[in-house]
Structure formats: structure tokens, C-alpha cells
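Topology and contacts: notes
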Amino acid sequence: MKSTIQVHDKHFEVFIEQSILEKRINALAAEINQDYTGKQPLFLAILNGSFMFAAELMKSISVSCEITFLRVSSYQATASTGKVHQILGLTENIENRDIIIIEDIIDTGLTMVEIKKQLLAQNPSSLSIATLFQKPEALKVPIDVQYVGFDLENKFVLGYGLDYDGLGRNLADLYVLCE
Ligand code: 5GP
Ligand code: MG
Ligand code: MG
């Protein structure tokens with residue numbers, strides 16, 4: 001039997017181990033290095049959930065680049081509220097820049113659509129998205145994602161930066177809610 005952990009009132013089991021997450025992240029970085037050769041992208045990492053993914057990804061990025069951190073909060077407990085707030089913390093001028101958004105997970109896609117809309121209004125020369133996880137069955141709006149780590153079933157996951165009501169971001173593996 002797999003060992004489980006308890007976070008708040010729920011039980012979770014290991015779903016994707018750290019070594020597998022990192023291998024895939026390094027492969028995404030290699031793709032980005034190839035696609036952005038000769039360019040100088042600005043990575044925008046969406047806090048809090050993407051901090052581990054962003055750190056691991058950036059260690060394997062070899063093109064000259066910048067990274068900055070934004071905050072957008074739209075999610076409560078284990079169900080999307082559908083509410084999307086403003087982007088906070090963007091002080092860089094992104095006009096004519098090659099932007100790569102770093103996101104932890106795309107669920108309904110509503111957060112990303114809103115982020116994209118707000119960023120495109122500032123006329124970057126390109127905008128692409130790198131997300132560690134995506135739940136294709138949960139998507140409510142079509143969205144073009146250039147770099148996807150893993151497609152997941154429509155189940156709540158935790159760890160590797162992702163939280164359940166504030167807890168679990170420190171877990172090095174990805175966990176899934178026990179059935
Ligand atoms: P969306 O707007 O795509 O529905 O939701 C995006 C945000 O919801 C993600 O950036 C993440 O913070 C949160 N989220 C969506 N699915 C999950 C999940 O399975 N686990 C956790 N911990 N957060 C999730
Ligand atoms: Mg997020
Ligand atoms: Mg959260």
C-alpha cells in the first residue's frame with residue numbers, strides 16, 4: 001500500500017515523484033533554449049504556486065534572460081471560484097519583449113486567459129506559456145499552451161509548490177487526493 005499524508009482534513013498519496021518532475025522540467029527548458037536562441041526572454045512566474053517549477057526550470061535555461069514574479073489569486077480550497085483578480089507586481093516594461101509565463105497548473109484556464117489578456121494589452125512582441133501541469137478535461141476556455149509538463153486527470157493535486165489551503169507547497173513530490 002502507498003503511504004499517505006494528511007493535510008488539513010484530507011489524505012493524499014504520492015502521484016509523481018520529484019525525480020520525474022525534474023526530468024520533465026529539464027526537457028521543457030531544453031525546448032525553450034532551442035526556441036529562444038538569439039533572443040532574451042523575460043520570464044514571468046506566477047506566485048505562489050510556480051515557485052518550485054520556476055526555480056527548477058531556470059537552472060536549466062541557458063539563453064540570456066530575465067525573470068520576475070507576479071501574483072494572481074483566483075482559487076479557494078479545492079474548487080475554482082471562477083473569480084480572477086488583477087495581476088500584481090509587474091513593474092517591468094514588457095512592450096516589445098519576448099514573454100514566457102511560468103504557471104503551476106492550468107485547470108479551467110480562466111486565470112490564464114485573464115493574465116494573457118492583461119499582458120497582451122501591453123504589446124509584448126511574443127507571449128508564450130509554460131505550465132507544469134494541465135487538466136485538459138477541466139478546461140472551460142480554449143487556450144494555447146506552448147510548454148506543458150504533464151497532462152493530469154481532473155483530480156486535485158498538492159505539493160511541488162501547489163497548496164491545499166496554504167499547506168503542502170513544500171512537498172517535493174506531487175501528491176493526489178485519495179479517492
Ligand atoms: P484555473 O483558473 O485554471 O481554473 O486555476 C488556476 C489556478 O488554480 C492554479 O494556478 C492553481 O493555483 C489552482 N489550481 C487548479 N487546480 C489545482 C489543483 O489540482 N491543486 C492545487 N493545489 N491548485 C490548483
Ligand atoms: Mg497558479
Ligand atoms: Mg492555491
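Refer to the preceding data block for the structure.
These remarks concern the structure in this document. (Residues numbered from 1 in each chain as written. Chains lettered and ligands numbered in written order. Predicted model: local features only at pLDDT ≥ 70, side-chain atom pairs only at ≥ 80, totals over all residues.)

Points about the pairing of strand 2 (residues 10–16)
- Bridge analysis of strand 1 (residues 4–7) against strand 2 gives 4 bridges, and the strand direction is antiparallel. In the strand pairing of strand 2, Gln6 is matched with His11.
- Taken together, strand 1 and the strand that follows it, strand 2, pair antiparallel across an intervening segment of 2 residues, in which His8 is found at a positive phi of about 50 degrees.
- When strand 2 meets strand 11 (residues 174–177), the two strands line up antiparallel, connected through 4 bridges. Of the residues in strand 11, the one forming a bridge with Ile16 is Leu174. (Pairing = 2+ DSSP bridges. Helix = DSSP H or I, 4+ residues; strand = E, 2+ residues; numbered from the N terminus.)

Brief notes about helix 3 (residues 110–120)
- All of the buried residues along helix 3 are Leu110, Thr111, Met112 and Ile115.
- Those residues of helix 3 hidden inside the fold are in contact with strand 7 (98–106) and strand 8 (126–134). (Buried ≥ 20, exposed ≤ 12 C-beta atoms within 10 Å, placed from the backbone. Contact = placed C-beta atoms within 7 Å.)

Comments concerning the packing of helix 1 (residues 18–35) against helix 2 (residues 51–59)
- Close contact between helix 1 and helix 2 brings their axes to 8 Å; oriented N to C, the two are set at 55 degrees. Judged by the inter-axis angle, helix 1 sits oblique to helix 2. As for how helix 1 packs across helix 2, the hand of that crossing is right-handed. Side by side, helix 1 and helix 2 meet where Glu22, Ile25, Leu28 and Ala29 of the first sit next to Phe53, Glu56 and Leu57 of the second.
- When its residues are assigned to classes, the contact of helix 1 with helix 2 shows 5 nonpolar, no polar and 2 charged. (Axes fitted to C-alpha atoms, helices over the stretch in contact; angles between N-to-C directions. Parallel < 35°, antiparallel > 145°, perpendicular 65-115°, else oblique. Left-handed = near helix turned anticlockwise from the far one by under 90°. Nonpolar A, V, L, I, M, F, W, Y, C, P; charged D, E, K, R; others polar.)

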